[in-house]
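Descriptive structure summary
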Amino acid sequence: MGPLFPTGARAILPIPARIDSATVRVISVVGARPQFVKLAPIARAAADAGVDHIIVHTGQHYDPMLSDVFFSDLGIPAPDVHLGIGSAGHGPQTGAILAALDGVFDTYAPDWVLAYGDTNSTLAAAVSAVKLHYPLAHLEAGLRSFNRRMPEEHNRVLTDHAADLCLAPSEVAMGHLASEGLADRSVLVGDVMTDVLMLVRSGLGGGASGLVSELGLTEGGYYVATIHRAENTDDPARLREIVAGLSLLDRPVVLLAHPRVIARAREHGISLTTGSLLAHGPLAYPDLIAAVQSSAGVVTDSGGLQKEAFLLRVPCTTVRAETEWVETVELGWNVLAESSELIAAAVTRERPPATDSTPYGDGRAATRVIDTLAGSARR
Ligand code: UD1
């Protein structure tokens, strides 16, 4: 287990005495990289609507490239509260966030607590909010992998069932919520990651990706890879299999390496720069989008990247046995592949058929979220 307050975690900001608000108050609880991306359009929509929006950063992610860079690049206001929790096992990490949030919620007495996605920070926010009787909304509700060994699956199922309002990104997610008896508290808003992607892509211009010039690659001549899920990184045999598969691909594979995969690879003596495979640090969001847009394909176990690849119409190979984003697979833009042979076959497959399908909304999900919260606040 890592330290609860690792080097790099920021100091806890002092929590002021109870603060009242004349307008609808929403507290967003975020802590991990994908949550900062989802927070960006919500913060913007809240400001546009005059909602009093409080941002609480749990400190689950503390490396600047997993945290600060998203706030600066995506124009997110600095957190009002930073809990500085850092890394630890599931119980200690979730418990430390939960314990710290009670005081924050009582200080701000929000009309809504907004929990994002499926991390340990999400579950802690959910439990704290329901125990203290603050209305809880879950953004990105209704996703299911049906794999009960994934920490994210526990977090999202428990949060959906604790929530007063389930904000679903897709029809498929709405279907899952309905089949679990949650239809009457569910609203289809669309996917806020579509909002961010559209905005960032329009600001990129048509220039080449910085990664291409930095690494001497050619446009369309490389793959982008990310591997960070516990089930792929923590078992050395599994990690070796994936690294072997990537290292044998027909073009350079840039692995944008999360600290978890670097730590596990080092622990097990696995080199992440071998054959076609080249390890690189994580990228800021606009650089990631530019790098994916210029690539020949994506190989990943990230949920967000599967969708980003689809929205950019870049073929994706997902190194998992299942996905929550089934629409990407049904439309042919994503293939699930676990062994090194299947990864190679999937990556070199023919380009999928063009589609104008929009299963993840129209880029205005955040406005719908804020309208729904403001319209149903108890005041
Ligand atoms: C978490 C989420 C996962 C999400 C991912 C995005 C849970 C259970 N998992 O996984 O759903 O897809 O974030 O990245 O909440 N570490 C650092 N620096 C950091 C953060 C982590 O070095 O800033 C290292 C630590 O060694 C830590 C390990 O990465 O133990 C794992 O971090 P953790 O926050 O527990 O989970 P993630 O793998 O990032």
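For the structure, see preceding data.
Note that the coordinates shown come from a computational prediction; the quantities given were computed from them, not determined experimentally. (Residues numbered from 1 in each chain as written. Predicted model: local features only at pLDDT ≥ 70, side-chain atom pairs only at ≥ 80, totals over all residues. Heavy atoms only, no water.)

**Section: the overall build of the protein**
- A tally of regular secondary structure across the protein gives 16 helices and 13 strands.
- Taking the principal axes of the C-alpha coordinates as reference, the protein spans close to 60 × 45 × 40 Å.
- Taken across its 379 residues, the protein has 55% of its residues classed as buried.
- Excluding contacts between residues fewer than 6 apart, the proportion of contacts in the protein whose partners are at least 24 apart in sequence is 71%. (Helix = DSSP H or I, 4+ residues; strand = E, 2+ residues; numbered from the N terminus. Buried < 20%, exposed > 50% of the residue type's maximum accessible area, 1.4 Å probe, protein only. Contact = heavy atoms within 4.5 Å.)

**A look at the site of the ligand**
- The environment of the ligand is formed by 20 residues, the closest being Gln-60, His-61, Tyr-62, Glu-152 and Arg-260.
- Taking His-61, its side chain carries an N or O atom lying 2.6 Å from an oxygen atom of the ligand.
- Within the side chain of His-258, one N or O atom sits 2.9 Å away from an oxygen atom of the ligand.
- Computed on the free molecule, the ligand has an accessible area of 740 Å², of which 88% lies beneath the protein chains in the complex.
- Taken together, the elements giving at least two residues each to the shell around the ligand come down to helix H3 (90-108), helix H5 (151-162) and helix H11 (259-267).
- With 3 residues, H5 is the single largest residue contributor to the shell around the ligand.
- When its residues are assigned to classes, the shell around the ligand shows 6 nonpolar, 10 polar and 4 charged. (Near = heavy atom within 4 Å. Polar contact = N/O pair within 3.5 Å; in protein donor to acceptor, adjacent residues only side chain to side chain. Areas by Shrake-Rupley, 256 points an atom, 1.4 Å probe, with all protein chains shown as cover. Nonpolar A, V, L, I, M, F, W, Y, C, P; charged D, E, K, R; others polar.)

**Side note on the sheet that holds strand S6 (residues 165-168)**
- Overall, parallel pairing links the 7 strands, which are arranged S3-S2-S1-S4-S5-S6-S7 in an open sheet. At either margin of the open sheet sits one strand with a lone partner, and together these are strand S3 (81-82) and strand S7 (186-188).
- Note: strand S1 (residues 25-30) against strand S2 (residues 52-57), 6 bridges, orientation parallel. Within the sheet, the bridge partner assigned to Ser-28 lies in S2 and is Ile-55.
- Strands S6 and S7 of the sheet are contacted by helix H6 (residues 171-179), whose axis makes an angle of about 170 degrees with S7. (Pairing = 2+ DSSP bridges. Axes fitted to C-alpha atoms, helices over the stretch in contact; angles between N-to-C directions.)

**Things to note about the pairing of strand S11 (residues 297-300)**
- Residues Gly-297 and Val-299 point to one face of S11 and Val-298 and Thr-300 to the other, with burial holding for every one of them.
- In this fold, S11 hands off to helix H13 (residues 303-311), which returns the chain to strand S12 (residues 316-318); that crossover is right-handed. (Right-handed = clockwise from strand over helix to strand, strands pointing away.)

**What about helix H7 (residues 192-204)?**
- Between the first and last C-alpha of H7 there are 19 Å, a value that for 13 residues agrees with the 18 Å anticipated at 1.5 Å per step.
- Turning to H7, its buried residues number three or more, namely Val-192, Met-193, Thr-194, Asp-195, Val-196, Leu-197 and Val-200.
- Elements in contact with the buried residues of H7: helix H1 (33-49), strand S5 (136-139), helix H12 (285-293), H13 and helix H16 (365-375).
- Where H7 begins, the side chain of Asp-191 points an oxygen toward the backbone nitrogen of Met-193, at a separation of 2.8 Å.
- With its phi angle positive at about 70 degrees, Gly-205 sits one or two positions after the end of H7. (Expected span 1.5 Å × (residues − 1).)

**Re the pattern of salt bridges**
- If you walk through the whole model with that rule in mind, you get 19 salt bridges.
- Close ionic contact of Asp-250 with Arg-251 constitutes a salt bridge, the shortest N to O distance being 3.8 Å.
- A relative accessible area of 31% means that Arg-251 is categorised as partly exposed.
- Asp-362 is the partner of Arg-368 in a salt bridge, and the nearest nitrogen-oxygen pair spans 2.7 Å.
- Classification of Asp-362 by relative accessible area gives partly exposed; the value is 33%. (Salt bridge = Lys/Arg side-chain N within 4 Å of Asp/Glu carboxyl O.)

**A look at the side chain of Ser-295**
- By secondary structure assignment, the location of Ser-295 is in the loop between H12 and S11.
- Polar contacts involving the side chain of Ser-295 include one to the main-chain carbonyl oxygen of Val-292, which spans 2.8 Å.
- What Ser-295 contacts, discounting residues up to four positions off in sequence, is Gly-220, Tyr-222, Val-224 and Val-314.

**Side note on the packing of H12 against H13**
- At their nearest, the axes of H12 and H13 sit 10 Å apart, and the two run at 55 degrees to each other. What the angle tells us is that H12 and H13 run oblique. Here H12 and H13 pass one another in a crossing that is right-handed. Within the contact between the two elements, H12 uses Tyr-285, Leu-288, Ile-289 and Val-292 and H13 uses Leu-305, Glu-308 and Ala-309.
- Per-class residue counts for the contact of H12 with H13 are 6 nonpolar, no polar and 1 charged. (Parallel < 35°, antiparallel > 145°, perpendicular 65-115°, else oblique. Left-handed = near helix turned anticlockwise from the far one by under 90°.)

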